[in-house]
Amino acid sequence: MFESIGEKFSTIIRTFQGKNKISEKNIRDAVDEIKIALLDADVNLRVVRRFINRTTDEALGDKVLKSVDPGQQFTKIVYDKMVELLGSPNSEKLNLKGPDTVSVILMMGLQGSGKTTTSAKLALRLKKEGRRVLLAAADLVRPAAITQLQVLGQQISVPVYARTDLKDPVEVARLAYQEAKKNQNDVLIIDTSGRLHLDEDMMNEIRNVATSVSPDETLFVVDAMTGQNAVNIAKEFEDKVGISGVVLTKFDSDTRGGAALSLREIVGKPIKFIGVGEKPDDLEPFYPDRIASRILGMGDVVSLVEKAQEVYDEEQAAKLEKKMAKNEFDLQDYLEQLEKMTQMGGIGKLLNMLPGALKGNISEDNIDKKKLIKEKAIIQSMTLTERKNIYIIGPSRKKRIAKGSGTSVGEVGHLLKKFEKLKLGMKRLAKNKTYQAAMMKQLGM
Ligand SMILES: Nc1nc2c(ncn2[C@@H]2O[C@H](COP(=O)(O)OP(=O)(O)OP(=O)(O)O)[C@@H](O)[C@H]2O)c(=O)[nH]1
Ligand SMILES: [Mg+2]
């Protein structure tokens, strides 16, 4: 998406680079070209007008015309306005409650927009964040809908609440909520049915579901290929049910994408995620700044953002170091490390962090990856409280955790013992400056 508009923008912007004097006419010409590029990309006319007015107002001020590097200034204004158009910082975050209560995410949208797929993608994402997710199949219209969600749930090892004996989605949603409470799930994602066109029935049904479970997030799922009509559909859902955020699916397709760009401005609700493929992990947070630089064909801004990301990681690392020194390192931190390392493929690095391995003759080849995956599953089946304090885990909790992770009570006990040893080693390490320095180096800190 956005390839063609990106090319146009970078051509417009390039003509400004390095110029040390820019006239008002130069700016007006450039703005005209930008307008055409946006309209070509199928951006809503009202949105284009607003964007152009804002950009022109600012660009014609003294800041650009009198600056030493007007090209740069102009580019920055266009970029800033584009980011503003797409959303605000952190708008991609989900508003969920703490892990001690059930947060509800309601999915809605037209038929085939990607609700069911996105439900599973979100479930996987939240599970990776340490949440205990329950999926609910409240699409009782399409015969195969329940099975589809069950298959996806199995793929990502997330339980699915389904009732083939019921006909009322409100009832299923309500029962699923009770089930979530009973099983100590902290997120319930409700998949609902879609219809081909907007109709009163669908709106009433989804509104009734919403009223009965009062969702924390009501996500409107929309296919990025829908074009201009997406804006009208979104408005309808906002008026009749109320939406808290948008998920744009099929972002991987080569559509012009302009309609998608109009959503935020017209509906006033943030785009939270984009679907970038059919697989469960093909979901990304929607970062307005990154998308803006993609639209403007500006690679350098992207790398700037990536630099900022590195700093963020350094901060994380510093926090971790402090925790270790204070002997506060818990299973949740361990899980996060496990995840980071497996993501980067550098399991060896993680293993080197273990005290016994500091002398370092463990290579990545002789690591039991299956065991690490099992460990992850075990920790993921614990509540956050348990991860923070393993000493509350008695026999009945062990049983529950083993069941939730598909392991045995013995394996759960084994992990707990191992972690206790690890913590002890860390405590010793924290006291020994030389070892500590070596460990930090191993961790790449
Ligand atoms: N390429 C791509 N395909 C997607 C994406 N999201 C969903 N799909 C595909 O779109 C099709 C429809 O997705 P579903 O999740 O079944 O859509 P739905 O909204 O649940 O459909 P109904 O339940 O019939 O209303 C499936 O073939 C998905 O694999 C995406 O981000 N990218
Ligand atoms: Mg579906």
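Everything below is about the structure shown above.
Summary of the structure given here. The model shown is predicted, which means the values in this text are computed figures rather than measured ones.

Attention shifts here to the overall build of the protein chain. In terms of helices and strands, the protein chain carries 20 helices and eight strands. Burial status across the protein chain gives 38% buried among its 445 residues.

Turning to the site of ligand 1, a few remarks are in order. Close to ligand 1 lie 21 residues, the nearest being Gly114, Thr116, Thr117, Gly194 and Gly275. With three residues, the single largest contributor to the shell around ligand 1 is helix H6 (residues 115-128). Split by residue class, the shell around ligand 1 holds two nonpolar, twelve polar and seven charged.

This part takes up the packing of helix H1 (residues 3-14) against helix H2 (residues 24-40). Between H1 and H2, the shortest axis-to-axis distance is 10 Å and the interhelical angle comes to 175°. Taken together, the axes of H1 and H2 lie roughly antiparallel to each other. For the pair H1 and H2, contact is made by Ile5, Lys8, Phe9 and Ile12 and by Ala30, Glu33, Ile34 and Ala37, respectively.

Taken together, eight strands build an open sheet; the order of strands is S3-S2-S4-S1-S5-S6-S7-S8 and the sheet is mixed. Here the strands that pair on one side only, and so sit at the sheet edges, are strand S3 (160-161) and strand S8 (283-285). When strand S1 (residues 103-108) meets strand S5 (residues 217-223), the two strands line up parallel, connected through four bridges. In the strand pairing of S5, methionine 107 is matched with leucine 219.

This next bit is on the pairing of S5. For S5, a buried count of six out of seven residues is recorded, marking the element as mostly surrounded by other parts of the structure. Here five bridges tie S5 to strand S6 (residues 245-249), and the two strands are oriented parallel to one another. Opposite valine 221, over in S6, you have valine 247 as the bridge partner. On the question of chirality, the crossover connecting S5 to the parallel S6 by way of helix H10 (residues 229-240) is right-handed.

Note on placement: valine 267 falls in helix H11 (residues 258-267). Taking the C-beta count within 10 Å as the criterion, valine 267 has 20 such neighbours and is therefore assigned buried. With 22 residues separating them along the chain, valine 267 and glycine 245 place their C-alpha atoms 9.9 Å apart. Ignoring any residue separated from it by four or fewer positions in sequence, one finds valine 267 in contact with Ala234, Lys235 and Glu238.

Turning next to the nonpolar core. Within the largest apolar cluster, 98 residues are counted, with the highest numbers of intra-cluster contacts made by Ala136, Leu188, Ile189 and Ile190. Tallying contributions element by element places helix H5 (residues 70-86) first for this core, with seven residues. Formed jointly, this core draws a minimum of three residues from each of two domains, domain 1 (3-86) and domain 2 (103-297). In this structure isoleucine 189 touches Ile105, Met107, Ser119, Leu122, Ala123, Val133, Leu135 and Ala136, once residues within four positions along its chain are discounted. Ranked by size, the runner-up nonpolar core spans nine residues in total, among them Leu335, Ile378, Ile379 and Leu415.

Taking burial as the measure, the eight residues of helix H12 (residues 288-295) include six buried ones, the bulk of the element. Those residues of H12 lying buried are Pro288, Ile291, Ala292, Ser293, Arg294 and Ile295.

The subject of this paragraph is the environment of histidine 414. Its place among the elements puts histidine 414 in helix H19 (residues 409-431). Judged by the 16 C-beta atoms lying within 10 Å of it, histidine 414 is partly exposed. Separated by 39 residues in sequence, histidine 414 and glutamate 375 have C-alpha atoms that sit 9.8 Å apart.

Calculation notes
Residues numbered from 1 in each chain as written. Chains lettered and ligands numbered in written order. Predicted model: local features only at pLDDT ≥ 70, side-chain atom pairs only at ≥ 80, totals over all residues. Helix = DSSP H or I, 4+ residues; strand = E, 2+ residues; numbered from the N terminus. Buried ≥ 20, exposed ≤ 12 C-beta atoms within 10 Å, placed from the backbone. Near = placed C-beta within 6 Å. Nonpolar A, V, L, I, M, F, W, Y, C, P; charged D, E, K, R; others polar. Axes fitted to C-alpha atoms, helices over the stretch in contact; angles between N-to-C directions. Parallel < 35°, antiparallel > 145°, perpendicular 65-115°, else oblique. Contact = placed C-beta atoms within 7 Å. Pairing = 2+ DSSP bridges. Right-handed = clockwise from strand over helix to strand, strands pointing away. Core = buried A, V, L, I, M, F, W, Y, C linked by C-beta atoms within 7 Å. Domains from an automatic or database assignment.

Bear in mind that shape data such as this cannot, by itself, settle questions of function.
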